[in-house]
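Fold and geometry: a report
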Amino acid sequence: MQPVNSIDLGLPDNKCFVIGEVAQAHDGSLGTAHAYIDAIAEAGADAVKFQTHIAAAESTLDEPWRVRFSRQDATRFDYWKRMEFSVEQWAGLVQHAREKKLMFLSSPFSVNAVDLLNDLGVPLWKPLLISSGMSTLGDIDNVVSGCRSRHIPFGLFQCSSAYPCAPEQWGLRLMEILRERYRCPVGLSDHSGGIYAGLAAATLRADFIEVHVTFDRGMFGPDVPASITVEELKKLVEGIRLIARSLQTGVDKDQLAEQTSPLKKIFGRSLALKTDLSGGTVLAREHLTLKKPGGGIPYTELEALIGSTLRRDKSANRLLRKEDLE
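Notes on the structure in this doc start here. Keep in mind that this is a model prediction, so the values were computed, not measured.

All right, on to a nonpolar patch on the surface then. On the surface, Leu263, Ile266 and Phe267 cluster together into a nonpolar patch covering about 320 Å² of accessible area. By the secondary structure assignment, Ile266 is in helix α12 (residues 261-267). The exposure class assigned to Ile266 is partly exposed, which follows from its relative accessible area of 49%.

Structural data, given as structure tokens:
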């Protein structure tokens, strides 16, 4: 299977695709949603991701979350209702993202939401980026089988549905297990609330990294504890790009040593005297030490010098030279 990130997303090979997820951090404000698009673009991410809620289409009265949710929202249903945007408003967000050179993504939480996003031309239905949170390997097997039977390219996110997610739950090693089991691009959907999991995933050659973003950790919202700030997103993107450059560049150790040979001489060590000695002194081990710079007599010749005689008086502030010895 060709990598989703290099072929279907139109990105260079081996580039880690970074998604800044707004989710519901806009708190129902269209203006704030647009502000997040600007901020995520400024941070250097490749995509902005929302969640598309149509409360009546995704939940029933049997849902256990129909309880008091916040000072503003009587129930979770009321909260989701407040998160809704009209088709025209979603279209404006899609257009804004395109103007900022961001791919627009959104997770649909109902069949109606899928239809809405499909009408807007959201790009990642084919291929699919599939999050594995709350899923067993058997569940993933079923989804992958469905994609392959329909010839749909896909990528898998390792995701642990804990908010925030402790290091023991990041599941970084699972990325390679998923890659080998399903032979597809793999990434990390990170809910750790920091940048370290994402940087580690980049080092492990993640194809995609998704992080929740907030303007400030003091803001209201269920995803805030598992989010990073816009400033942290910028650092994460910078780190991911630097790691990618490092992983893509082979280093010839001998060539590198040759390039740094002037430093090796400056910071190396050569044989010298511990104290000033008079000419005629027969050198013993206790007379000798190592001092900067390199380029003089190396330590490997120490044993051969023991028993040599100084031709002349020798200062301890000068490297020992072969011509100083008989």
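Look at helix α2 (residues 30-43) against helix α5 (residues 87-99): their axes get within 10 Å of each other, and the N-to-C directions meet at 15 degrees. Classified by the angle their axes make, α2 and α5 are roughly parallel. Crossing of α2 against α5: the hand is right-handed. Between α2 and α5, the contacting residues are Leu30, Ala33, His34, Ile37 and Asp38 on the first element and Gln89, Gly92, Leu93, His96 and Ala97 on the second. Residues belonging to the contact of α2 with α5 are distributed by class as follows: 5 nonpolar, 4 polar and 1 charged.

Bridge count between strand β4 (residues 128-131) and strand β5 (residues 154-159): 4 bridges; the pairing is parallel. Its bridge partner lying in β5, Ile130 is registered against Leu156. Crossover β4 to β5 through helix α7 (residues 137-149) is right-handed.

This paragraph deals with the environment of Leu236. By secondary structure assignment, the location of Leu236 is in helix α10 (residues 230-248). The buried category is assigned to Leu236, whose relative accessible area is 0%. As a C-alpha pair, Leu236 and Ile140 span 96 residues in sequence and 28 Å in three-dimensional space. With near-sequence residues (within four places) excluded, Leu236 lies in contact with Ile195, Gly198, Leu199, Val211 and Ile228.

Next up on the list: unusual backbone geometry. A cis amide bond links Tyr163 to the next residue, Pro164, at an omega of -5 degrees. Secondary-structure assignment places Pro164 in the loop between β5 and α8 (172-182). Here the amide bond leading from Lys292 into Pro293 is cis, since omega sits at 0 degrees, within 30 degrees of zero. Inspection of the secondary structure puts Pro293 in the loop between β10 (288-291) and α13 (302-305). The phi dihedral of Met134 falls on the positive side, at around 70 degrees, and the residue is not glycine. Mapped onto the elements, Met134 comes out in the loop between β4 and α7. A relative accessible area of 77% places Met134 in the exposed class.

Within the largest apolar cluster, 56 residues are counted, with the highest numbers of intra-cluster contacts made by Val48, Phe50, Phe104 and Leu233. Beyond its immediate stretch of four places on either side in the chain, Phe50 contacts Val22, Ala23, His26, Ala33, Ile37, Trp90, Leu93, Phe104, Leu105, Ser106 and Ser107. Counting 12 residues, the second largest nonpolar core, distinct from the first, contains Leu283, Leu288, Ile297 and Leu325.

A separate point is α7. For α7, spanning 13 residues, the distance from its first C-alpha to its last is 18 Å, which sits close to the expected 18 Å at 1.5 Å a residue. Packed against the buried residues of α7 are β4, β5 and α8. Following α7 by one or two positions, His151 has its phi on the positive side, about 60 degrees.

Bringing helix α9 (residues 196-203) into the picture now. Since the α-helix advances by 3.6 residues per turn, residues separated by three or four positions end up pointing in the same direction. Taken together, the buried positions of α9 are occupied by Ala197, Gly198, Ala201 and Ala202. Within α9, the buried residues cover an arc of 140 degrees as seen down the axis, which keeps them to one side. Those residues of α9 hidden inside the fold are in contact with α8, β6 (186-190), β7 (208-214) and α10. Directly beyond the C-terminal end of α9, a positive phi value near 65 degrees is found at Arg205.

Cut-off values and rules
- Residues numbered from 1 in each chain as written.
- Predicted model: local features only at pLDDT ≥ 70, side-chain atom pairs only at ≥ 80, totals over all residues.
- Heavy atoms only, no water.
- Patch = residues over 30% accessible without salt bridge, like charges linked within 9 Å, V, L, I, M, F, W, Y side chains within 5 Å.
- Areas by Shrake-Rupley, 256 points an atom, 1.4 Å probe, with all protein chains shown as cover.
- Salt bridge = Lys/Arg side-chain N within 4 Å of Asp/Glu carboxyl O.
- Helix = DSSP H or I, 4+ residues; strand = E, 2+ residues; numbered from the N terminus.
- Buried < 20%, exposed > 50% of the residue type's maximum accessible area, 1.4 Å probe, protein only.
- Axes fitted to C-alpha atoms, helices over the stretch in contact; angles between N-to-C directions.
- Parallel < 35°, antiparallel > 145°, perpendicular 65-115°, else oblique.
- Left-handed = near helix turned anticlockwise from the far one by under 90°.
- Contact = heavy atoms within 4.5 Å.
- Nonpolar A, V, L, I, M, F, W, Y, C, P; charged D, E, K, R; others polar.
- Pairing = 2+ DSSP bridges.
- Right-handed = clockwise from strand over helix to strand, strands pointing away.
- Core = buried A, V, L, I, M, F, W, Y, C linked by side-chain atoms within 4.5 Å.
- Expected span 1.5 Å × (residues − 1).
- Arc of directions from axis to C-beta.

Don't take any of this as a statement about function, it's just geometry.
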